[in-house]
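# Chain and residue survey
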Amino acid sequence: MVALAQNCRNLEILDIGRCDKVTGAGICAFCSHKCLKRLKLDELKINLSDVERVVFGCPSLDSVVVDSRRRSDPTWSDELMQDRTRKVVKFVDRAYSILIV
């Protein structure tokens, strides 16, 4: 992930959903990425703080897709999310997430 973030500086869309080897540290490699617009993270073992680091580190980011099961996790509640994160994160069902990127 670090090599991808460092060497693909013009990357705009990244779908790493269902990549079970990707961690929060892996997605944080994109924290200073300037071109990333869409990031698909469904079914990853990540936490809200990792997502927020990426959201605040990527000014061009307008969509982060995570699976809807996160909605029932209290650590992902709207009250805990920063404003910008709330606007960017999209909770989608697994069947629908295949179509989004």
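This report concerns the structure included in the present document. As the structure is a prediction and not an experimental result, all values here were calculated from the model.

### Some remarks on the pattern of salt bridges
Scanning all chains against the criterion turns up 8 salt bridges. Of the charged contacts, one joins Lys37 and Glu12 as a salt bridge, the two residues approaching to 3.9 Å between their closest N and O atoms. Residue Lys37 is found in the loop between helix 2 (24-28) and strand 2 (38-40), and its partner Glu12 is found in the loop between helix 1 (2-7) and strand 1 (13-15); the two are separated by 25 residues along the sequence. Taking relative accessible area as the criterion, Glu12 reaches 39% and is therefore assigned partly exposed. Salt bridges linked by common partners bring Arg18, Asp42 and Glu43 together as one network.

### Regarding the sheet that holds strand 3 (residues 63-67)
The 4 strands are arranged 1-2-3-4 in an open sheet whose pairing can be described as parallel. Each edge of the open sheet is held by one strand with a lone partner, namely strand 1 and strand 4 (89-92). Taking each pair of neighbouring strands and ignoring which way they run, the sheet shows an average axis angle of 15°. In terms of strand pairing, strand 1 meets strand 2 through 3 bridges, oriented parallel. Note on strand 2: the bridge partner recorded for Leu14 is Leu39.

### A closer look at the nonpolar core
Among the nonpolar cores identified, the biggest contains 26 residues, and Ile27, Leu39, Leu41, Val51, Leu61 and Val64 are the most heavily contacted of them. Those elements that place two or more of their residues in this core are helix 2, helix 3 (48-57), strand 3 and strand 4. Per-element tally for this core: the top contributor is helix 3, with 4 residues. Each residue touching Val64, except ones within four places of it in the same chain, is listed here: Leu39, Leu41, Val51, Val55, Val88, Val89 and Lys90.

The rules behind these values
- Residues numbered from 1 in each chain as written.
- Predicted model: local features only at pLDDT ≥ 70, side-chain atom pairs only at ≥ 80, totals over all residues.
- Heavy atoms only, no water.
- Salt bridge = Lys/Arg side-chain N within 4 Å of Asp/Glu carboxyl O.
- Helix = DSSP H or I, 4+ residues; strand = E, 2+ residues; numbered from the N terminus.
- Buried < 20%, exposed > 50% of the residue type's maximum accessible area, 1.4 Å probe, protein only.
- Pairing = 2+ DSSP bridges.
- Axes fitted to C-alpha atoms, helices over the stretch in contact; angles between N-to-C directions.
- Core = buried A, V, L, I, M, F, W, Y, C linked by side-chain atoms within 4.5 Å.
- Contact = heavy atoms within 4.5 Å.

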